[in-house]
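Descriptive analysis of the structure
Listed below, chain by chain, are the residues.
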Amino acid sequence: YAGSAAVGENASTIYFNPAGMTLLQDREFSAGLSMVRPSFKFKDKGSSTGILTGKASDAGGWAALPNAYLSWALDKDLYVGVGIGAPFGLVTKYNRGWLGSAHSIEFDIKTININPSIAWRVNDTVSLGFGLNWQRMEAEYLRRAGTVNAPGMPLASTFAKLKADDDSWGWNVGALFTLTDATRLGISYRSKIKHKLDGDLTGKGPIAPFNAAISSDAKATVELPDTWIISAVHKLDSRWELLGDVSWTGWSSIDKVDIKRTSGPMAGAIAQTLDTDFR
């Protein structure tokens, strides 16, 4: 992504810096597919796991992340466009019998982001861009209810599952400066997007009354981070270009996530706190 906010080489500039549309042809379409294969491995160093003793599999797996962008010129100085992509998301999936299964068996976060945008060439030196972002977030979280079994409370034999989703809005803005015929500077910013997820907690195990007792509606709030990008492109000659990029993502907006019950006798209580502590 070197030079991402300044290069303006195809319609994907809608995501990195919408002002870059003023460098494009009258109509442009871009599509891509990123293949991601993370790896999450666990080594026990003395955990307290109750009756859970299974080994951990690698929790990573292959994921395909598509994106597509379309831009078109309304006149020589005004451009509009739209992009669609999946800017945030991850899946971790361990085998159900592993010794940490009361912490997590599977966590699946998906987002889809639709980004209508506009760009205006103010003059030969400055172009400005702005976009709105409609974003949908879906979360699914599965774990064991606990590490032990007791009469009427088979925690280690009961699975707790959270499913929740939300639709929210954000915005992005960018500027492109043509300093010389050979040099461009781009600056862009994407806002935080706060998701107030609503869904349900469900218990599934051998004792139906216990399943019902731990089941309820639920909510959680997650604020996805903002992003700054500063980029430069300098053309040395007809065959060589220099591209540079400094980008910053405010991950500390995800400090912890409280999963709260919103129905039943425990309405208002925190079912679980995820101490994410992102930085």
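Above: the structure in question.
Rules used in this analysis
Residues numbered from 1 in each chain as written. Predicted model: local features only at pLDDT ≥ 70, side-chain atom pairs only at ≥ 80, totals over all residues. Heavy atoms only, no water. Phe/Tyr/Trp six-rings, centres within 6.5 Å; stacked < 30°, edge-to-face > 60°. Helix = DSSP H or I, 4+ residues; strand = E, 2+ residues; numbered from the N terminus. Buried < 20%, exposed > 50% of the residue type's maximum accessible area, 1.4 Å probe, protein only. Contact = heavy atoms within 4.5 Å. Patch = residues over 30% accessible without salt bridge, like charges linked within 9 Å, V, L, I, M, F, W, Y side chains within 5 Å. Areas by Shrake-Rupley, 256 points an atom, 1.4 Å probe, with all protein chains shown as cover. Salt bridge = Lys/Arg side-chain N within 4 Å of Asp/Glu carboxyl O. Lys, Arg positive; Asp, Glu negative; His and termini not counted. Charge placed at Lys NZ, Arg CZ, Asp CG, Glu CD.

1. With respect to the packing of aromatic side chains
In the structure shown here, the tally under the stated rule is 9 aromatic pairs. An angle of 85° between the planes, with centres 5.2 Å apart, marks the rings of Y15 and F16 as edge-to-face. Aromatic pair W171 and Y189: ring centres 5.4 Å apart, planes at 55°, arrangement tilted. With W171 in strand β7 (residues 159–178) and Y189 in strand β8 (residues 183–190), this residue pair connects regions lying 18 residues apart in the sequence. Residue classification places W171 among the partly exposed positions, given a relative accessible area of 39%.

2. Here we look at unusual backbone geometry
Residue D277 is not a glycine yet carries a positive backbone phi of 55°. The residue D277 is located in the segment after β14 (270–274) in this model.

3. Points about the side chain of S191
Relative to the assigned elements, S191 resides in the loop between β8 and β9 (193–204). Residue S191 is classed as buried on the basis of its relative accessible area of 10%. The contacts of S191, once residues within four sequence positions are left out, are G170, W171, P225 and D226.

4. Comments concerning the environment of L65
Checked against the element boundaries, L65 lands in strand β2 (residues 63–73). Its relative accessible area of 33% is what places L65 among the partly exposed residues. Residues L65 and F88, spaced 23 residues apart in sequence, show a C-alpha to C-alpha distance of 9.8 Å. Not counting chain neighbours up to four residues away, the residues in contact with L65 comprise G32, L33, S34 and V36.

5. Looking at a positive patch on the surface
A cluster of basic side chains, namely K194, K196, K219, K256 and K260, defines a positive patch on the protein surface. Relative to the helices and strands, K219 resides in strand β10 (residues 216–224). Overall, K219 belongs to the partly exposed group, its relative accessible area being 40%.

6. Thoughts on the pattern of salt bridges
Counting across every chain of the model gives 9 salt bridges. The closest approach of N and O atoms between K76 and D77, which form a salt bridge, is 2.9 Å. With relative accessibility at 61%, the residue K76 sits in the exposed group. The partly exposed category is assigned to D77, whose relative accessible area is 21%.

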